[in-house]
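A closer look at the structure
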Amino acid sequence: MAAEHPAPAARRIAVVGASLGGLRAAEQLRAAGWTERLTVFGDEAHPPYNRPPLSKEVLAGKAAPGSTELRRRASTEDVEWRLGTAVTGCDLAGRRLTLADGSAEPFDGLVAATGIRPRRAALPTPDSAPPRHTVRTREDAAGLRAALVPGARLVVIGAGFVGMETAATARTLGCEVTVTAPERLPMERALGALLAEALLLRHRERGVRFALGRTPAAFTAGGVLLDDGTELPADVVVEAIGSLPNTEWLAGNPGLDLSDGVLVDAALRAPGYPWLVAVGDVARFPNARYGGPARRVEHWAVPGDSAKHAARSLVAHLNGTPDGRPPFAPLPSFWSDQFTLRLQSFGAPALADTTRLLSGTPSPDLLVAAYRAGTLIAVTSLGGPRAAAAAASLRGELG
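To keep things clear, this report deals only with the structure shown in the data block. Throughout this description, residue numbers start from 1 for each chain and increase along the sequence as written. The predicted nature of this model means local features are confined to residues of pLDDT at least 70 and side-chain atom pairs, given and counted, to a pLDDT of 80 or more, with totals for whole chains, interfaces and linings taken over all residues. Only hydrogens and water are set aside when side-chain values are computed; all heavy atoms of the structure are taken into account.

**So, the overall build of the protein**
Scanning the protein from terminus to terminus reveals seven helices and 26 strands. We compute the radius of gyration from the C-alpha atoms alone; for a globule the expected value is 2.2 Å times N to the 0.38, where N is the number of residues. The C-alpha radius of gyration of the protein comes to 23 Å, within 12% of the 21 Å expected for a compact globule of 399 residues. The principal-axis extent of the C-alpha atoms belonging to the protein is close to 85 × 55 × 40 Å. Think of it in three bands: residues with accessible area under 20% of the maximum for their type are buried, residues over 50% are exposed, and the middle band is partly exposed, with areas taken using a 1.4 Å probe on protein chains only. Counting only residues that meet the buried cut, the protein has 51% of its 399 residues in that class. Accessibility throughout is a Shrake-Rupley quantity obtained with a 1.4 Å probe, and a residue counts as covered only by protein chains that appear here. About 17200 Å² of surface is accessible on the protein, with carbon and sulfur atoms providing 53% of the total. Residues scored as charged are limited to Lys and Arg (positive) and Asp and Glu (negative), so that His and the chain ends carry no count. Where a charge sits is defined by one atom per residue type, namely NZ (Lys), CZ (Arg), CG (Asp) or CD (Glu). Each charge class in the protein can be summarised by its mean position, and for the 43 positive and 40 negative side chains these summaries are 4 Å apart. Numbering goes from the N terminus for both helices and strands, where a helix is a DSSP run of H or I of at least four residues and a strand is a run of E of at least two.

**Some thoughts on the layout of surface pockets**
Definitions used for this entry: grid spacing 1 Å over protein atoms alone; cavity, a set of points where a 1.4 Å probe fits but cannot get out; pocket, an open set with protein on both sides within 12 Å along at least 5 of 7 lines; lining residue, one with an atom within 4 Å of a point. Grid points are joined across faces, edges and corners, and a volume is the space filled by probe spheres set on the points. Taken as a whole, the second largest pocket encloses approximately 250 Å³ of empty space. Lys56, Glu57, Ala60, Lys62, Ala168, Thr169, Thr172, Leu173, Asp337, Gln338 and Phe339 together form the lining of the second largest pocket. Among the elements of the structure, α3 (161-172) and β22 (333-338) are those that each provide at least two residues to the lining of the second largest pocket. Among the elements that line the lining of the second largest pocket, the one with the most residues is α3, at three residues. Residue polarity follows a fixed list, in which Ala, Val, Leu, Ile, Met, Phe, Trp, Tyr, Cys and Pro are nonpolar, Asp, Glu, Lys and Arg are charged, and the others, Gly among them, are polar. Class assignment of the residues belonging to the lining of the second largest pocket gives a composition of four nonpolar, three polar and four charged.

**Comments concerning unusual backbone geometry**
Of note, phenylalanine 339 is a non-glycine position whose phi angle comes to about 55°, a positive value. Inspection of the secondary structure assignment puts phenylalanine 339 in the loop between β22 and β23 (341-347). Since its relative accessible area comes to 22%, phenylalanine 339 is described here as partly exposed. Positioned with a positive phi, alanine 373 is a non-glycine residue whose angle comes to about 55°. Tracing the backbone through its elements, the reader meets alanine 373 in the loop between β25 (366-372) and β26 (375-383).

**What about the packing of aromatic side chains?**
Two rings from Phe, Tyr or Trp (for Trp, the six-membered ring) form a pair when their centres sit within 6.5 Å of each other. Planes less than 30 degrees apart are called stacked, planes more than 60 degrees apart edge-to-face, and all others tilted. This model, assessed by the stated rule, comprises four aromatic pairs. Ring geometry for phenylalanine 161 and phenylalanine 334: centres 5.1 Å apart, planes at 85°, overall edge-to-face. One end of the pair, phenylalanine 161, is in helix α3; the other, phenylalanine 334, is in strand β22, with 173 residues separating them in the sequence. Ring geometry for tyrosine 273 and tryptophan 275: centres 5.8 Å apart, planes at 90°, overall edge-to-face. An identical accessibility class is assigned to tyrosine 273 and tryptophan 275; each is buried. In this arrangement the basic side chain of arginine 95 is found over the ring face of tryptophan 275, its NZ or CZ atom lying 4.0 Å from the centre. Whether a charge lies above a ring is judged from NZ of Lys or CZ of Arg, which has to be within 6 Å of the ring centre and within 35 degrees of the ring normal. Positioned above the aromatic ring of tyrosine 49 is the side chain of arginine 138, whose terminal nitrogen or guanidinium carbon lies 5.4 Å from the ring centre.

Here you go:
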């Protein structure tokens, strides 16, 4: 009788990060044909949820925090979800993760999907200073919502997406809102001067105050002290001064570039570690559509786009099959809802050298085209549904 040979142990892909990027990675790994073990580790106890509504519908009290949970596809029913389980270390050469409790978990392939966290202001802060908030998690949104009562004085530090959305929501709730930032215009780097000026006007028309071109020097018992000596009175402060990629768990692996997220190549694989791919906000990748250096892109569509490409790259490597696909070349897109306005953009307006107004003036709906070296690379609208539809109709013309 022939001797029985034990079946080989199932291989395992570990996904670190259980937000949108982790969920999309799990879905796309199954879609790419990975039928073996798949484990998703997340430090939050919640299943994957949608973050954009936190600074809008949830903060406004129009939606409960729990309503932001993302639907999971049937293909991920057999995925092992290790929620409330932080990964604190990783030995890439040995293919082993270290968890917060000191235990180790082996893997064959690895997806970095740990996203970002809010940057905090390192400033003097007395115990009597007003409470400081960020808007990143469900708990963040719930805590800030309780403080945004009519008449509350809110200072928002930062005039990017989160800062401007929070300002609009708080003003709608009846708060007195002041936005301060070192830039001369809100969201100017993302939008360009023409749209940024229009956005500033729309907020001012609705009662939002601005202290632009200024940086905070300290928090005080009465509010926020700026670098020119002005004190902005505040009962509540929101810090929206940017983000930091969550890469500490990968530190110590030779040759891995973590200087700004996880540097990956055009297949979204980490150089020297083809069994590691990165997706979403934490990935710093080259975009073949635009050329230039690798960049991180913190837009909602990036986790899905990058997960699809990265999953196929990783499965091809683990199975030893050719991966002849073209380099990753996504078309960026973003939107932002502020008051009754929607900002809608397709392409990369931040890379433009020229912008042109296609329709509108500073008060009605605006549609702006952005060019680089004479090539259309972005269209962005500000206004109502018609403006957003106009921008979408031009996406096929983007280079």
